[in-house]
Amino acid sequence: MFLEYLLVLVFFFAIGITANSETSKPNIVVIIADDLGWNDLGFHGSNQIPTPNIDALAYNGIILNRHYVLPTCTPSRAAFITGKYPIRVGLQGDPGRAQQPWTLPLKEKILPQYLKENGYQTHLVGKWHLGFAKTVLTPTKRGFDSHFGYFNGWVRYNDSVSSSTPYTGIDARRNLKPAADEFKNRYATDVFTEEAVNVIKNQNKETPFFLEFSHVAVHAEKNDIVRARDDEDNNKTFGYIEDLQRRRFAGALQALDESVGKVMETLNETGLLENSIVLFMADNGGATEDPNWLFKNTASNWPLRGMKTSFYDGGVRGAAAIWSPLFKRVGHVSNELFHISDWLPTFVSAAGGDPSTIENIDGINQWDILTGNLIKTERKEVLVNVDFEKNSSAIILDNWKLIKRNATFRPSFADMYAGVSGRAETPTYDVNAVLTSPTNLLIGQNDSTTGNRFLQIRDEAKIDSKCRERISSQPESNVIKCLGNCLYDLEKDPCELTNVAEQNPTKVKEMESRIAYFESITEPQQSRVNDPKADPSLWGGYWTPWLDEKGSSTSSRIAHDLLVFGAMFFIIKKIGSIF
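Below you will find a few notes about this structure. Values in this document were obtained by computation on a predicted structure and should not be read as measured data.

**Side note on the side chain of Ser76**
- Looking at the secondary structure, you find Ser76 in helix H3 (residues 73–82).
- Residues contacting Ser76, with those up to four places away along its chain left out, are Val69, Leu70, Asp283 and Ile340.

**Focus on the packing of H3 against helix H9 (residues 343–350)**
- At their nearest, the axes of H3 and H9 sit 6 Å apart, and the two run at 30° to each other. Between H3 and H9, the interaxial angle falls into the category roughly parallel. Across from Phe80, Ile81 and Thr82 in H3, the residues of H9 making contact are Trp343, Leu344 and Phe347.
- Classifying every residue of the contact of H3 with H9 gives 5 nonpolar, 1 polar and no charged.

**Some details on the state of the cysteines**
- For the structure on display, the rule yields 1 disulfide.
- Disulfide pairing places Cys467 opposite Cys495 at an S-S distance of 2.0 Å. Between Cys467 and Cys495 the disulfide shows an S-S torsion of about 95°. By sign, it is right-handed. Taken together, the residues span a long stretch of sequence, with Cys467 in the loop between helix H13 (450–461) and helix H14 (468–473) and Cys495 in the loop between strand S18 (485–489) and helix H15 (505–520) at a distance of 28 residues.
- By relative accessible area, which is 1% here, Cys495 ends up buried.

**Side note on the nonpolar core**
- One finds Leu36, Phe192, Leu211, Met264, Leu267 and Phe280 to be the most contacted residues of the largest nonpolar core, which totals 68 residues.
- Per element, the largest residue contribution to this core is 10 residues, and it comes from helix H7 (residues 244–269).
- Excluding residues that lie within four positions of it along the chain, Phe192 makes contacts with Val125, Gly126, Phe148, Gly149, Tyr150, Phe183, Phe213 and Val216.
- Within the second largest apolar cluster, 52 residues are counted, among which are Val69, Leu115, Leu344 and Trp546.

**Brief notes about the sheet that holds strand S12 (residues 320–323)**
- Pairing within the open sheet is mixed, and its 10 strands lie in the order S9-S8-S5-S4-S10-S1-S11-S12-S2-S13. Strand pairing shows two members of the sheet lacking a second neighbour, strand S9 (177–178) and strand S13 (332–334), which therefore form its edges.
- Two elements, strand S4 (residues 121–127) and strand S5 (residues 146–150), share 5 bridges in a ladder whose sense is parallel. Residue Leu124 lies in a different strand from S5, and its bridge partner there is His147.
- Running at roughly 65° to S12, helix H2 (residues 52–60) makes contact with strand S2 (62–64), strand S11 (276–282) and S12 of the sheet.

**Quick word on H7**
- With 26 residues, H7 ought to run about 38 Å at 1.5 Å a step, and its terminal C-alpha atoms sit 38 Å apart, in line with that.
- For H7, the capping residue at the N-terminal end is Asp243, with a side-chain oxygen 2.9 Å from the backbone nitrogen of Gln245.
- Phi for Gly271, located one or two positions after H7, is positive at around 75°.

**What about the packing of aromatic side chains?**
- Considering all chains together, one arrives at 18 aromatic pairs under this definition.
- Between Trp128 and Phe144, the aromatic rings sit 6.4 Å apart at their centres with planes inclined by 90°, giving edge-to-face as the arrangement. Separated by 16 residues along the polypeptide, Trp128 in the loop between S4 and S5 and Phe144 in the loop between S4 and S5 bring together distant segments of the chain. Phe144 matches Trp128 in its accessibility class, with the two residues each being buried.
- Arranged with centres 5.3 Å apart and planes meeting at 15°, the rings of Phe148 and Phe183 form a pair that is stacked.

Cut-offs applied
Residues numbered from 1 in each chain as written. Predicted model: local features only at pLDDT ≥ 70, side-chain atom pairs only at ≥ 80, totals over all residues. Heavy atoms only, no water. Helix = DSSP H or I, 4+ residues; strand = E, 2+ residues; numbered from the N terminus. Contact = heavy atoms within 4.5 Å. Axes fitted to C-alpha atoms, helices over the stretch in contact; angles between N-to-C directions. Parallel < 35°, antiparallel > 145°, perpendicular 65-115°, else oblique. Nonpolar A, V, L, I, M, F, W, Y, C, P; charged D, E, K, R; others polar. Disulfide = S-S within 2.5 Å. Buried < 20%, exposed > 50% of the residue type's maximum accessible area, 1.4 Å probe, protein only. Core = buried A, V, L, I, M, F, W, Y, C linked by side-chain atoms within 4.5 Å. Pairing = 2+ DSSP bridges. Expected span 1.5 Å × (residues − 1). Polar contact = N/O pair within 3.5 Å; in protein donor to acceptor, adjacent residues only side chain to side chain. Phe/Tyr/Trp six-rings, centres within 6.5 Å; stacked < 30°, edge-to-face > 60°.

Limitation: the analysis is restricted to geometry and does not speak to function.
This is the structure in structure tokens:
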């Protein structure tokens, strides 16, 4: 009896030790903007749309000026959550449609699962877009403790409806339950922000958490519509922007920036900010023009070449900044090479795990770079993508980038130079708005020199000075004429204006061989076959997992409940026998 009692005390003491050790693990908050352009944020040099909270996060943290993503959202999200290039899972092409049964394969272990093994609670607010044809493919079946948001690529800002020709349906879920009522007549960015705030407020402070906060903003609805909260107020605030759609885009971005501030305030109010990592990033380049998909949002990637869907940097060099009190050196621009697949091993390392034991991933653990324990990254190479459907592949090696087009490649509008500059024709940059933003008031160290320091960091983050030829000549007539091998020196020519393949045949050959390797291991792109059984009208008007075996989800839930009940009964009986 005494021995059993002693064992119980030891057991609960061990739990206490574990709980205390968990609290030292940092909370991880990842805020993802959808279709946001490089030039839509103030910290990259644009004056047109104020983004004071995001800028404050960047100036007080680390601006990741060479953070590469994929040309569209699903491949980027697959890389983020698996640590792998999407060519390994068949998701390298354009995103699949809602009525197509493509998916992130179930065999893939993903970021929330790794973090749960390290004691984390895991939450997803907003967009999933990694497959939902079966219930087992949805977020709460793949490692997230909770999900509030939508399964597909976008929803309307005021009613959570999403369409995929020829079908239209509601896409709103709280975990697996329909949640349209929570969106009705409300602005989506505010709804998602309220949920993220509640997730943080309700978090057990003894348990570290991971929150992926994936906005619909600033993605367009079908027919190129981006919505602000209120057009009348928005026209007053951004009346200096002549283009109505760009004006609405500005309102959507303003709401997104306010959301970042509210997340930071909530972390502070709950006492969690001092042990948190906050990453802000875009999932791909902005959709400045988009005549094929009809989701143009008037974003700006200026002065970069290309936009969403392009292998040029306007499509894949994503805006990103990260902040944490755990970083030794902050308030600077990092030009080290990052890829979105790096976040899985990096966050596993931050959580106390050992990413070196994770096999067959492409991501590199960058934790020591962020914390200041290393100066130079181990990453020298980024596979931009392999897309056999578009007869294109691209790779980055140090400062070189090679885009390889097969003979059947057709020039794309997405390779254009497009988007407003946001410089001379707009109001001057308001650094005081950054200084007085909620985010800066929480994490900044303000003194008489802070404003000038922020402006200096901003100048370092801009790439305008290296793109003078592109800026002065506006060479739209030449932008689609590069076929075959197109080599660019991104250090000297970040706007990819001049193809130097003929002058560097050895470098081209070296990079071609690396592309050949990745092409040889590329999984076939998953089938994009429409399934009429996905039609929301067959499922109460909702986009719903439509390929579940009859009764499978119910039977598995019953089995789970019985297992939990049996375990609880055993524990209660055991404790009763002891005492």
